[in-house]
Amino acid sequence: MSETLVYHNTPPALLPMYGRTLLPKRTQTGGDISIPDLSARLLGVGTGGKNLKRYQQVCGFAARSHLPVTWPHVLAFPLHLKLLTEKSFPLPLLGLVHLRNTITQHRPIGTGENLDLQVRLGNTVKSDRGVEFDLITEARSAGRLIWEEASTTLFRQPDAESKSSGKKAPPELGRYPNTENLKAPESIGRQYARVSGDSNPIHMHALSAKAFGFPRAIAHGMWTKAHAIALLEQQEGWQSGALSVSCQFKKPLFLPGTAQLNWQTGEKGWDYQVLNAKGDAPHLTGRIDWL
């Protein structure tokens, strides 16, 4: 089992890690790809401060005595980047695709509460599109697990895609009774990058996004998820206790852009989706379960 990297109070600096993303890697191919057993811990990280307030503003969360359910993801992001830029990690960071994200909050986390974070790589599977793996994050307070997340990421392999049995028909789009407009200004990628540390060029400017094959910059998937949750929290019937919030990322939301948050409520949970402006294609689909 590999050694766990440990940081106290302060996460690893982002700038040197972004510098390493520009270095070439000997990418393994085919069935040879093996995701190493890497992990990192950040002990005694504070959860309050000015950056939290900026995050709440950028994502639309109201200031409350407890944290937004997505905030620990941001606190753990430097650990995510650390693992993905290690020499033993075989894949290039730029070009990885975020497929799914599931967050389970076992209880609300108080603003200013200190946490111990642990991140590891796991659940590697070979799919018909390439190699998928999870970034698994756990947050503990006084030794007790109170928050956890699995972010599933894909490394595309053209050979795998060409061997798959054609494109599958997309699932039928659900229609939910509640709808609210969602706006994504041109600058939201840069705003979110400043508070999250996630400065992937596909989110920053149209010019840098074009270098990676996108006609314009696209919104961060985790901003879209966070903004959707922030809007849902304002709706009647929202429960702020233990919950699980999952989503699958679909079509990119180009900036600037408008979208529709569409949802239905239920006794045990809510279904939600962020659709394009016409309402006929999803940017993400998800589910909230009260625990």
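Treat the numbers as computed from the prediction; the structure is a model and nothing was measured. (Residues numbered from 1 in each chain as written. Predicted model: local features only at pLDDT ≥ 70, side-chain atom pairs only at ≥ 80, totals over all residues. Heavy atoms only, no water.)

1. What to know about the overall build of the protein chain
- Broken down by element type, the protein chain carries 7 helices and 11 strands.
- Against the compact-globule benchmark of 19 Å for 291 residues, the protein chain has a radius of gyration of 19 Å, which places it among compact chains.
- Projected onto the principal axes, the alpha-carbon positions of the protein chain cover approximately 50 × 50 × 35 Å.
- For the protein chain, with 291 residues in total, the buried portion stands at 48%. (Helix = DSSP H or I, 4+ residues; strand = E, 2+ residues; numbered from the N terminus. Rg over C-alpha atoms; globule rule 2.2 N^0.38 Å. Buried < 20%, exposed > 50% of the residue type's maximum accessible area, 1.4 Å probe, protein only.)

2. Regarding the pairing of strand S3 (residues 97-105)
- Pairing geometry for S3 and strand S6 (residues 144-156), over 8 bridges, is antiparallel. From the neighbouring strand, Arg100 faces S6, where its bridge partner is Thr152.
- Pairing of S3 with strand S8 (residues 243-249), which is carried by 6 bridges, proceeds in the antiparallel orientation. Looking at S8, one finds that Ile103 is bridged to Val245. (Pairing = 2+ DSSP bridges.)

3. What about empty space enclosed by the protein?
- The final tally for this structure, using the stated rule, is 2 cavities of 30 Å³ or more.
- Roughly 60 Å³ of internal volume is contained in the largest cavity.
- His66, Leu67, Pro68, Val69, Gln105, Glu233, Trp238, Gln239, Ser240 and Leu243 together form the lining of the largest cavity.
- Per-class residue counts for the lining of the largest cavity are 5 nonpolar, 4 polar and 1 charged.
- One number sums up the size of the second largest cavity: a volume of about 50 Å³.
- Lining the second largest cavity, in full, are Gln56, Phe61, Ala62, Arg64, His66, Leu67, Pro68 and Glu233.
- When grouped by side-chain class, the residues that make up the lining of the second largest cavity number 4 nonpolar, 2 polar and 2 charged. (1 Å grid on protein atoms, 1.4 Å probe; cavity = no way out; pocket = protein on both sides within 12 Å on 5 of 7 lines; lining within 4 Å. Points joined across faces, edges and corners; volume = space filled by probe spheres on them. Nonpolar A, V, L, I, M, F, W, Y, C, P; charged D, E, K, R; others polar.)

4. Notes on the sheet that holds strand S11 (residues 282-290)
- Taken in spatial order, the 11 strands of this open sheet run S1-S2-S4-S5-S6-S3-S8-S11-S10-S9-S7, and their pairing is mixed. The open sheet has two edge strands, strand S1 (5-8) and strand S7 (178-184), and neither has a second partner. Within this sheet the neighbouring strands show an average axis-to-axis angle of 15°, counted without direction.
- Taken strand by strand, helix H7 (residues 221-233) contacts S3, S6, S7, S8, strand S9 (257-264), strand S10 (269-276) and S11, and its axis lies near 135° from that of S7. (Axes fitted to C-alpha atoms, helices over the stretch in contact; angles between N-to-C directions. Contact = heavy atoms within 4.5 Å.)

5. Section: the layout of surface pockets
- Quantified by volume, the second largest pocket comes out at close to 240 Å³.
- Pro11, Asn51, Trp71, Val74 and Leu75 are, among the 15 residues lining the second largest pocket, the residues nearest its centre.
- Mapped by element, the contributors of at least two residues to the lining of the second largest pocket are strand S2 (39-45), helix H3 (71-84) and helix H5 (188-196).
- For the lining of the second largest pocket, the leading source of residues is H3, giving 5 residues.
- For the lining of the second largest pocket, the class distribution of residues is 10 nonpolar, 5 polar and no charged.

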